[in-house]
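Spelled out from the first residue to the last, the chains are:
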Amino acid sequence: MKSLPLLPFLALVAAPVLAAECPPLLQHSMQQLRSKENIDLCQRFAGKPLVVVNTASHCGFTPQFKGLEALYQRYKDDGLEVLGVPSDDFKQEADDSAETAKVCYVNYGVTFAMTQPQHVTGDEATPLYRDLIAQSGQSPRWNFYKYVVDRQGKVIAHFSSLTKPDDEDLVKAVEQALASEPL
């Protein structure tokens, strides 16, 4: 009788365990901005508090990148992650992802994760956003709409575009997410 190779066998045994540790909200991947690489949301964010925000390069709220980066820098050592999701759903994103990357990385010094432009509203919304909307009961009404997700992958708060990243209520929600227990 021929034995199975050990690595494929271990992968089959470990797969259900890994899936159980990753909440449904994060069981997706999205292409990283300025890269051909995908961000495996489970691998990158499972067990971590997360702020997800739809962004746009040509919006009156675009300067919020600076505040989002400051929020990320303030709490990243405590485990906070931020995921920026550029979108042209409100007709204010650059047509070229290189320009989007320049706005994020060069103009605002963003170091948190950014995806390629995605749909965040309606029937074409990316699966992550469909899940965010289902959990929160609220679709983004404009650019820079923010969702705060706890370590278990549950949306615990959402904030309008008018809410700045240093807003007291948003910071409290981030601190609540940081204090949450992992799965």
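Before any of the text, the structure's been laid out above.
The structure displayed is predicted, hence computed values, not measured ones.

Remarks on the state of the cysteines
Summed over the entire model, instances satisfying the criterion amount to one disulfide. Shown here is the disulfide that connects Cys22 with Cys42, its sulfur atoms set 1.7 Å apart. Residues Cys22 and Cys42 are joined through a disulfide that is left-handed, its torsion about the S-S bond being -80 degrees. Note that Cys22 is positioned in the loop between helix H1 (6-21) and strand E1 (29-31) and Cys42 in helix H2 (residues 41-45), a separation of 20 residues in sequence.

Considering the nonpolar core
By size, the foremost hydrophobic cluster in this structure holds 27 residues, and its most contacted members are Phe65, Leu80, Phe112, Met114, Val148 and Val174. Element by element, the count of residues in this core is highest for helix H6 (residues 168-179), at six residues. The residues touching Phe112, leaving out its near neighbours within four places in the chain, are Phe65, Leu68, Glu69, Tyr72, Val82 and Gly84. One finds Ile39, Leu83, Val120 and Val155 within the second-largest nonpolar core, a separate group that totals 22 residues.

Let's talk about the sheet that holds strand E6 (residues 146-149)
Two strands in a sheet stick together by hydrogen bonds in their backbones, pointing the same way (parallel) or opposite ways (antiparallel). Taken in spatial order, the five strands line up as E5-E4-E3-E6-E7 in an open sheet, and their pairing is mixed. Strand pairing shows two members of the sheet lacking a second neighbour, strand E5 (113-114) and strand E7 (155-159), which therefore form its edges. Against the sheet, H6 makes contact with strand E3 (50-55), E6 and E7, and its axis sits at roughly 165 degrees relative to E7, the strand it touches most.

Definitions and limits used
Residues numbered from 1 in each chain as written. Predicted model: local features only at pLDDT ≥ 70, side-chain atom pairs only at ≥ 80, totals over all residues. Heavy atoms only, no water. Disulfide = S-S within 2.5 Å. Helix = DSSP H or I, 4+ residues; strand = E, 2+ residues; numbered from the N terminus. Core = buried A, V, L, I, M, F, W, Y, C linked by side-chain atoms within 4.5 Å. Buried < 20%, exposed > 50% of the residue type's maximum accessible area, 1.4 Å probe, protein only. Contact = heavy atoms within 4.5 Å. Pairing = 2+ DSSP bridges. Axes fitted to C-alpha atoms, helices over the stretch in contact; angles between N-to-C directions.

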